[in-house]
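Fold and geometry: a report
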Amino acid sequence: MSEDARFEDAAQHRPLRLVARDSADLEVISALVQDAVIAAGDMAWQRGKRQFALLINRFRWEDQEAAARGNRPFERVRSILLVRDVMGVASQGFDRKDADLVLSMLSLAFHPGEDGTGRVEITLAGDGGIALEVEALDTTLYDVTRPYRAPSGKAPSHPD
């Protein structure tokens, strides 16, 4: 039997490992990857394995309140965002061949099609985006490093 997640767990720097198999699950992952920073060279579509992977530097939103109270600095962590059952990939608004290009992720969304198929859309700052045609929604987010101090020293903000 698995144990429910607890707020105290975030303060213990345990790596996240989340799976999304429906739109509601993906909304949770989307909230956690908002403002993640990605180098264009850290994206890979493995056509033969039917998966698309991104190595991201995500802000630790789950730890933001503790950091804001002054318990510790704001943090980021390197994570893998992996989408499986990918049948096709399209992008717009950036040059995928520019490996040094730095992108900022705004959100993830799933648009269902027929019989479980659909499209995972990754919205990037600056009108960029990535669309993944999937046979079924199967997305995983997992941390691969220990958290580190956010280089900016502050939480991302979104002025109105």
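Residues numbered from 1 in each chain as written. Predicted model: local features only at pLDDT ≥ 70, side-chain atom pairs only at ≥ 80, totals over all residues. Heavy atoms only, no water.

Turning our attention to the overall build of the chain. A count of helical and extended segments in the chain gives three helices and 10 strands. Listing the helices and strands of the chain from first to last along the sequence gives α-β-α-β-β-α-β-β-β-β-β-β-β. The principal-axis extent of the C-alpha atoms belonging to the chain is close to 45 × 45 × 30 Å. Looking at the chain residue by residue over its 160 residues, the buried ones come to 38%. Here the chain has roughly 9300 Å² of accessible surface; of this, 48% comes from carbon and sulfur atoms. (Helix = DSSP H or I, 4+ residues; strand = E, 2+ residues; numbered from the N terminus. Buried < 20%, exposed > 50% of the residue type's maximum accessible area, 1.4 Å probe, protein only. Areas by Shrake-Rupley, 256 points an atom, 1.4 Å probe, with all protein chains shown as cover.)

Taken as a whole, the chain shows an average pLDDT of 90; of its residues, 91% reach a score of 70 or greater. Confidence, read as mean pLDDT per element, is least for helix H1 (residues 7-10) in the chain (48) and greatest for strand S9 (residues 139-143) (98). Confidence drops under pLDDT 50 across residues 5-9; counting only partners more than four residues distant or on other chains, this segment forms two contacts. (pLDDT = per-residue confidence, 0-100. Contact = heavy atoms within 4.5 Å.)

The next subject is the pattern of salt bridges. All told, the structure shown has 11 salt bridges when counted by the stated rule. Across the pair Glu-75 and Arg-60 runs a salt bridge whose closest N-O atoms are separated by 2.5 Å. In this pair, Glu-75 is assigned in strand S4 (residues 75-84) and Arg-60 in the loop between strand S3 (51-59) and helix H3 (64-68), connecting sequence segments 15 residues apart. We classify Glu-75 as buried; its relative accessible area is 10%. (Salt bridge = Lys/Arg side-chain N within 4 Å of Asp/Glu carboxyl O.)

Two aromatic rings are characterised by how far apart their centres lie and by the angle between their planes. Per the stated rule, a full pass over the model turns up two aromatic pairs. Geometrically, the ring pair formed by Phe-59 and Trp-61 is edge-to-face, given 4.6 Å between the ring centres and 65° between the ring planes. For the residue pair Phe-59 and Trp-61, the accessibility class agrees, reading buried in each case. Their ring planes at 40° and their centres at 5.9 Å tell us that Phe-59 and Phe-74 sit as a pair that is tilted. On the criterion of sequence distance, the pair formed by Phe-59 in strand S3 and Phe-74 in the loop between H3 and S4 is long-range, its members being 15 residues apart. Neither Phe-59 nor Phe-74 differs from the other in exposure class; each is buried. Over the ring of Tyr-142 we find Arg-17, and its NZ or CZ is 4.7 Å from the ring centre. (Phe/Tyr/Trp six-rings, centres within 6.5 Å; stacked < 30°, edge-to-face > 60°. Lys NZ or Arg CZ within 6 Å of the ring centre and 35° of its normal.)

What follows concerns the environment of Thr-140. One can find Thr-140 in strand S9. For the pair formed by Thr-140 and Arg-84, sequence separation is 56 residues and the distance between their alpha carbons is 8.4 Å. Contact partners of Thr-140, with chain neighbours within four places excluded, come to Leu-18, Val-19, Ile-80, Leu-81, Leu-82 and Arg-84. A polar contact is formed between the side chain of Thr-140 and the side chain of Arg-84, at a distance of 2.9 Å. (Polar contact = N/O pair within 3.5 Å; in protein donor to acceptor, adjacent residues only side chain to side chain.)

Core analysis: the largest hydrophobic core is formed by 29 residues, its most contacted members being Met-105, Ile-122 and Leu-132. When neighbours within four sequence positions are excluded, Ile-122 is seen to be in contact with Phe-52, Leu-54, Met-105, Ser-107, Leu-108, Gly-128, Gly-129, Ile-130 and Leu-132. With five residues, the next largest nonpolar core counts Phe-59, Trp-61, Ala-67 and Phe-74 among its residues. (Core = buried A, V, L, I, M, F, W, Y, C linked by side-chain atoms within 4.5 Å.)

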